[in-house]
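# Tertiary structure, described
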Amino acid sequence: MHIPTHIAIIMDGNGRWAKQRGLQRSDGHRAGTEAARAVVTRCRELGVRHLTLYTFSKENWSRPKDEVRTLFDLLTTFLKREEKSLREQGIRLKVLGDIGDMPLAVRQVLRHVMRQTAECTDMTLNLALNYSGREEILRAARALAAQGVSPEDITEESFANELWTAGQPDPDLVIRTSGELRLSNYLLFQSAYAEFYFTDIYWPDFTPAELEKAIEDLNGRQRRFGRTGDQLDGE
């Protein structure tokens, strides 16, 4: 099985998973955290070099305050619990997004774990937090303008270097759970040539076996990057 270098996941369906079982939305988010833990570990075992999880979007601030608080509590608990495991597995934690607006306790834990895992080189785990794809693109454009870069000197490479993902390869595979068929403002620039995999399974039920199924599906596709199938077959 050929393993993609970078997998990005939109973890969707926690609330619906809980509702289906007569549980609270917080129970769904808690179960989703466990699913994330298992997928991170499996990606590391398989040799995935970069994994990006859509953890909290800018739009998520519009959710009920109690739910937002629960999400942050789960995040801090997860990071405190998994810090040692991340280091042992050689996983570096990075954040895509502006954490300045997040609660102090969340910022402190994130910065601590990022510091503790900064020298890890086996896999990079990106958490997209307070993230917006459009805002990321605007942020990059503003940064280049502030540097006084002339329009003709702006290249894809120089633009990409101003994104949160600077220095990392673009996703090969974007997975979305729960049956929704949209990007939801996620890695818009970086996903230009990504393959997409949609599944009706809610995120808490997305097991490592489901991850492998998505990778196998990717392996059955021909990524042409603008060329023809005949051109690729001739290589």
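Residues numbered from 1 in each chain as written. Predicted model: local features only at pLDDT ≥ 70, side-chain atom pairs only at ≥ 80, totals over all residues. Heavy atoms only, no water.

Moving on, we get to helix α4 (residues 104-116). Across its 13 residues, α4 extends 18 Å between first and last C-alpha, which sits within 8% of the 18 Å expected from 1.5 Å per residue. Residues of α4 that are buried: V106, R107, V109, L110 and V113. Looking down the long axis of α4, one finds its buried residues gathered within 170 degrees of arc, a one-sided arrangement. Turned more than 90 degrees off the buried face of α4, the exposed positions are L104 and R115. In this fold, the buried residues of α4 make contact with α3 (65-89), β3 (91-96) and β4 (123-131). (Helix = DSSP H or I, 4+ residues; strand = E, 2+ residues; numbered from the N terminus. Expected span 1.5 Å × (residues − 1). Buried < 20%, exposed > 50% of the residue type's maximum accessible area, 1.4 Å probe, protein only. Arc of directions from axis to C-beta. Contact = heavy atoms within 4.5 Å.)

One pass over the full model with this rule turns up nine aromatic pairs. For the pair F196 and F198, a centre-to-centre distance of 6.2 Å together with 5 degrees between the ring planes defines the contact as stacked. Judged by relative accessible area, which is 28%, F196 ranks as partly exposed. For F198, a relative accessible area of 37% corresponds to the partly exposed category. One aromatic cluster is present, formed by Y54, Y131 and Y186 through successive ring pairs. Taking NZ or CZ as reference, R139 lies 3.6 Å from the ring centre of W164, over its face. (Phe/Tyr/Trp six-rings, centres within 6.5 Å; stacked < 30°, edge-to-face > 60°. Lys NZ or Arg CZ within 6 Å of the ring centre and 35° of its normal.)

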